[in-house]
Amino acid sequence: MSDPDETGPRGRLLLVTAARASARAALASAVAARLERAVVVDGAALEQTLTTGDVPGWDDPPTPEQLRLRLLRWSAALAVAETYQLEGFDAVVAEDALGDRLEDFLDLVEPEPVHVVVVRDGADPRTPRWGLWVDTEGGEGAEVTDGTADDVVARLSDALVLTAETD
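The following paragraphs examine the structure supplied in this document. Computed from a predicted structure; not experimentally measured.

Thresholds applied
- Residues numbered from 1 in each chain as written.
- Predicted model: local features only at pLDDT ≥ 70, side-chain atom pairs only at ≥ 80, totals over all residues.
- Heavy atoms only, no water.
- Buried < 20%, exposed > 50% of the residue type's maximum accessible area, 1.4 Å probe, protein only.
- Helix = DSSP H or I, 4+ residues; strand = E, 2+ residues; numbered from the N terminus.
- Pairing = 2+ DSSP bridges.
- 1 Å grid on protein atoms, 1.4 Å probe; cavity = no way out; pocket = protein on both sides within 12 Å on 5 of 7 lines; lining within 4 Å.
- Points joined across faces, edges and corners; volume = space filled by probe spheres on them.
- Nonpolar A, V, L, I, M, F, W, Y, C, P; charged D, E, K, R; others polar.
- Patch = residues over 30% accessible without salt bridge, like charges linked within 9 Å, V, L, I, M, F, W, Y side chains within 5 Å.
- Areas by Shrake-Rupley, 256 points an atom, 1.4 Å probe, with all protein chains shown as cover.
- Salt bridge = Lys/Arg side-chain N within 4 Å of Asp/Glu carboxyl O.
- Lys, Arg positive; Asp, Glu negative; His and termini not counted.
- Charge placed at Lys NZ, Arg CZ, Asp CG, Glu CD.
- Phe/Tyr/Trp six-rings, centres within 6.5 Å; stacked < 30°, edge-to-face > 60°.
- Lys NZ or Arg CZ within 6 Å of the ring centre and 35° of its normal.
- Core = buried A, V, L, I, M, F, W, Y, C linked by side-chain atoms within 4.5 Å.
- Contact = heavy atoms within 4.5 Å.

**Looking at the pairing of strand E4 (residues 114-119)**
Here is step 1 of the chain: For E4, the tally of buried residues reaches six of six residues, placing the bulk of the element in the interior.
Here is step 2 of the chain: Going residue by residue along E4, you find Val114, Val116 and Val118 tucked away on one face and His115, Val117 and Val119 tucked away on the opposite face as well.
Here is step 3 of the chain: Alignment of strand E1 (residues 13-17) against E4, held across four bridges, turns out to be parallel. Directly across from leucine 15, in E4, lies its bridge partner valine 116.

Quick look at the structure:
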């Protein structure tokens with residue numbers, strides 16, 4: 001890999017989270033397509049490639065095995081994202097991080113700032129109101145439209161969440 005100074009600045013990290021995996025993936029892909037240099041990292045897709053047999057669901061509260069696999073999934077997604085960020089790509093991570101899992105995910109990212117985009121439809125009401133909250137046009141169950149992705153890109157500064165306190 002090249003030195004980050006040779007290729008330009010480090011890429012941004014964006015997190016797209018939603019209750020439905022298809023909504024996360026669709027919005028992440030649509031947003032990435034509108035950025036100059038971007039890669040989509042789909043946590044669910046990574047989990048499918050790394051897990052043999054059935055992928056366990058998510059109980060409330062989660063089992064220790066579910067927590068272990070989720071941490072592995074998040075760590076893998078962030079490692080792939082960082083690889084591309086170091087080369088100047090914006091990394092758009094599509095991940096299940098609603099409810100109190102959002103804070104857990106951001107703890108793994110600290111001290112890096114993250115652009116957090118939450119699809120409101122079906123979101124866990126315990127999800128902190130951080131970042132940019134969007135609706136898929138047409139309401140719950142609707143697929144992401146171009147207008148939603150355009151809105152996210154236009155309002156990326158509203159999505160910024162600082163994960164470390166500055167002096």
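**Remarks on the layout of surface pockets**
Here is step 1 of the chain: The computed volume of the largest pocket comes to approximately 260 Å³.
Here is step 2 of the chain: Around the largest pocket, the lining is made up of 14 residues, and of these Trp58, Pro62, Leu67, Asp100 and Arg101 lie nearest the centre.
Here is step 3 of the chain: Only helix H4 (64-85) and helix H5 (101-109) provide two or more residues apiece to the lining of the largest pocket.
Here is step 4 of the chain: Here the lining of the largest pocket gets four residues from one element, more than from any other, and that element is H4.
Here is step 5 of the chain: Within the lining of the largest pocket, the residues separate by chemical class into seven nonpolar, no polar and seven charged.

**Some thoughts on a negative patch on the surface**
Here is step 1 of the chain: A cluster of acidic side chains, namely Asp59, Asp60, Asp100, Glu103, Asp104, Asp107, Glu110 and Glu165, defines a negative patch on the protein surface.
Here is step 2 of the chain: Examined against the element boundaries, glutamate 103 turns out to sit in helix H5.
Here is step 3 of the chain: Of the residues examined, glutamate 103 reaches a relative accessible area of 44% and is grouped as partly exposed.

**Focus on the packing of aromatic side chains**
Here is step 1 of the chain: Following the criterion strictly, the structure yields two aromatic pairs and no others.
Here is step 2 of the chain: Residues tryptophan 74 and phenylalanine 105 carry aromatic rings whose centres are separated by 5.3 Å and whose planes lie at 85 degrees to one another, so their mutual orientation is edge-to-face. Here phenylalanine 105 lies in helix H5 and tryptophan 74 lies in helix H4, a separation of 31 residues in the sequence.
Here is step 3 of the chain: Given a relative accessible area of 1%, phenylalanine 105 falls into the buried group.
Here is step 4 of the chain: Ring geometry for tyrosine 84 against phenylalanine 89: centres 5.6 Å apart, planes inclined by 85 degrees, an arrangement best described as edge-to-face.
Here is step 5 of the chain: Residue tyrosine 84 is classed as partly exposed on the basis of its relative accessible area, which comes to 36%.
Here is step 6 of the chain: Above the ring of phenylalanine 89, the side-chain terminus of arginine 37 is found at 4.0 Å from the ring centroid.
Here is step 7 of the chain: A cation over an aromatic ring shows up here: arginine 129 above the ring of tryptophan 133, its NZ or CZ 4.0 Å from the ring centre.

**Quick notes on the nonpolar core**
Here is step 1 of the chain: Of all hydrophobic cores here, the largest spans 23 residues; its most connected members are Leu13, Leu15, Val93, Phe105 and Val116.
Here is step 2 of the chain: Sorting the residues of this core by element identifies E1, strand E2 (38-42), H4, strand E3 (90-94), H5 and E4 as the ones contributing at least two each.
Here is step 3 of the chain: Apart from residues lying up to four places away in sequence, valine 116 is in contact with Leu15, Leu102, Leu106, Trp130, Gly131, Leu132, Ala159 and Val161.
Here is step 4 of the chain: Core analysis: the next-biggest nonpolar cluster, separate from the first, contains 21 residues, Val31, Val92, Leu132 and Ala149 among them.

**Digging into the side chain of arginine 101**
Here is step 1 of the chain: Examined against the element boundaries, arginine 101 turns out to sit in helix H5.
Here is step 2 of the chain: Setting aside its immediate chain neighbours within four residues, arginine 101 contacts Trp58, Arg70, Trp74 and Asp96.

**Things to note about the pattern of salt bridges**
Here is step 1 of the chain: Inspection of the entire model under this criterion finds 14 salt bridges.
Here is step 2 of the chain: Residue arginine 10 is joined to glutamate 112 by a salt bridge in which the shortest nitrogen-to-oxygen separation is 3.1 Å. Taken as a pair, arginine 10 in the loop between helix H1 (4-7) and E1 and glutamate 112 in the loop between H5 and E4 lie far apart in primary sequence, 102 residues in all.
Here is step 3 of the chain: Exposure remark for arginine 10: the relative accessible area of 35% places this residue in the partly exposed category.
Here is step 4 of the chain: The class of glutamate 112 is buried, set by a relative accessible area of 18%.
Here is step 5 of the chain: The partner of arginine 68 in a salt bridge is glutamate 65, and the shortest N-O contact between them spans 2.9 Å. One end of the pair, arginine 68, and the other, glutamate 65, are both in helix H4, three residues apart, so they sit about a helical turn from each other.

By themselves, these are just geometric observations and shouldn't be taken as functional.
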